[in-house]
Amino acid sequence: MIFKKLLKGEILEFDIFSLIKKNKTSLIYLIFLRIYHLLYKKFQRLLLKPKQRRIFQKIEKFIFTNKNKNSNQTNKDIIKKNSELKKNNFIFFEEIFEKNEIKNLQVKFKNEKNLIDVYTDNKNFSCQKRPISARMGYIPTEHIFNDEIVLKAANNKNLVSLLDNYFNCKYSLDWAWAWWSFESKEKDHGPQNFHRDYESLNFIKVFVYLTDVINNDDGCHEFVLSSSYINQFYKRKRFDQNYIKNKFKNNLIKIFGKAGTTFIVDTYGIHRGVKPKAKDRLVLSLLYSVFPSNRSPKIPPLNFSELNNKNLYKKNKYLNRLFINFDR
């Protein structure tokens with residue numbers, strides 16, 4: 001039981017013991033690796049102030065310098081977007097899914113029968129038969145990757161080019177979330193309140209709306225521009241909405257868009273997901289990190305030999321290393 005707790009992820013981990021048997025990986029090695037990650041994560045989570053974090057971000061990037069960096073020139077549009085992302089901690093990006101892929105994901109996640117509301121005790125329910133008290137429904141991460149739609153999008157050529165330019169060192173696909181926010185008129189709860197994320201020191205999140213988010217009733221993402229650099233409101237807590245809105249009214253943006261709309265955010269900045277009031281909202285988020293967060297898979301759950309887009313993944317081998325076992 002203690003091993004299971006130690007190897008468990010923060011939302012729902014892959015079946016770690018099945019993967020150990022499948023990949024013939026040492027349990028002792030995994031426990032050692034897990035403890036190492038936990039200690040590092042504990043250390044970086046003590047660095048709450050932006051000024052402190054920026055110092056250690058630079059150190060971490062130096063340690064993970066990519067000595068085999070691709071020498072191809074980055075196009076001017078990517079350089080411009082990267083500059084905007086670093087300045088504002090936010091940019092809109094081109095859609096990384098085809099229209100038919102969006103529809104496939106909508107159907108797939110609508111029919112998911114193992115939703116989890118991580119902020120209540122509700123689990124193993126569906127959208128059609130959800131408990132009254134369920135406010136959100138997270139799709140188990142292993143179900144997100146049981147086909148290649150999301151993995152292929154995570155390797156989008158232009159997205160990878162931007163991330164290469166943004167991190168300027170080695171980084172990996174770390175984790176993925178997909179969740180329903182159910183329409184409600186109840187009090188805001190969990191991440192519907194303003195907060196910061198402390199996934200790791202150097203990380204970025206890519207968000208994709210999988211349902212239309214056109215107006216306030218649809219529950220948009222709100223973000224305070226350039227707030228990763230604000231040396232206040234850095235405690236791990238939910239912040240008072242009215243105070244944040246009044247304090248940052250000139251920099252607070254609401255992000256709207258049709259299904260497929262993609263945007264990139266440094267969510268160490270102050271943000272929240274507004275509660276939908278008219279209809280349920282579905283969102284996908286991809287986490288990329290320099291050093292693996294506590295959420296990342298303990299063993300790569302996907303075998304390279306079983307995947308279709310081999311050239312794409314092999315080209316981005318380090319990026320995919322946490323999710324793909326390239327030896328199998």
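Data block above holds the structure.
Since the structure is predicted, the reported quantities are computational estimates derived from the model, not experimental observations.

Student: Is there a simple way to think about the packing of aromatic side chains in this case?
Tutor: Each aromatic ring pair is summarised here by two numbers: the centre-to-centre distance and the angle between the ring planes. According to the stated counting rule, one finds 22 aromatic pairs in the structure shown. Taking 5.2 Å as the distance between ring centres and 65° as the angle between the ring planes, the aromatic pair formed by Tyr209 and Phe263 counts as edge-to-face. Here the residue Tyr209 occupies a position in strand E6 (residues 203–209), and Phe263 occupies one in strand E9 (residues 262–265), the gap between them amounting to 54 residues. Residues Tyr209 and Phe263 agree in their burial class; the two are buried. What links up through ring pairs into an aromatic cluster is the set Tyr36, Tyr40, Phe43, Phe56, Phe64 and Phe291. Looking at Arg53, its charged tip hangs above the ring of Tyr268, at a distance of 4.3 Å from the centre.

Student: Before we go on, may I ask you to explain the sheet that holds strand E10 (residues 271–273) in this structure?
Tutor: Taken together, the 3 strands give an open sheet; going across it, the order is E8-E7-E10, and neighbouring strands pair in antiparallel fashion. Lying at the two open borders of the sheet, with one neighbouring strand each, are strand E8 (252–255) and E10. Taken over all neighbouring pairs, the strand axes of this sheet differ in orientation by 15° on average, direction set aside. Summarising the sheet, strand E7 (residues 221–224) and E8 pair through 4 bridges and their orientation is antiparallel. The residue of E8 that forms the bridge with Glu222 is Lys254.

Student: Before we go on, may I ask you to explain the nonpolar core in this structure?
Tutor: Nonpolar side chains in soluble globular proteins tend to end up buried together. Formed by 77 residues in total, the largest nonpolar core has its most connected members in Phe97 and Tyr288. When residues in this core are grouped by element, the largest group, 7 residues, is from strand E5 (residues 172–181). Not counting residues up to four positions away in its chain, the partners in contact with Phe97 are Ile102, Leu105, Ile149, Val150, Ala153, Val208 and Leu284. Core analysis: the second largest hydrophobic core is formed by 8 residues, Phe194, Val224, Phe248 and Ile270 among them.

Student: Would you explain helix H3 (residues 27–45) in this entry?
Tutor: In an α-helix, one full turn covers 3.6 residues, which means residues spaced three or four apart are oriented alike. The end-to-end C-alpha distance of H3 is 26 Å, a good match for the 27 Å that 19 residues give at a rise of 1.5 Å each. Of all the residues in H3, the buried ones are Leu30, Ile31, Arg34, His37, Lys41 and Gln44. The buried residues of H3 occupy one face: seen down the axis, they fall within an arc of 155°. For H3, the exposed residues lying more than 90 degrees away from the buried face are Ile28, Phe32, Leu39 and Lys42.

Rules of the game
Residues numbered from 1 in each chain as written. Predicted model: local features only at pLDDT ≥ 70, side-chain atom pairs only at ≥ 80, totals over all residues. Heavy atoms only, no water. Phe/Tyr/Trp six-rings, centres within 6.5 Å; stacked < 30°, edge-to-face > 60°. Helix = DSSP H or I, 4+ residues; strand = E, 2+ residues; numbered from the N terminus. Buried < 20%, exposed > 50% of the residue type's maximum accessible area, 1.4 Å probe, protein only. Lys NZ or Arg CZ within 6 Å of the ring centre and 35° of its normal. Pairing = 2+ DSSP bridges. Axes fitted to C-alpha atoms, helices over the stretch in contact; angles between N-to-C directions. Core = buried A, V, L, I, M, F, W, Y, C linked by side-chain atoms within 4.5 Å. Contact = heavy atoms within 4.5 Å. Expected span 1.5 Å × (residues − 1). Arc of directions from axis to C-beta.

These results come straight from atomic positions and should not be treated as a statement about function.
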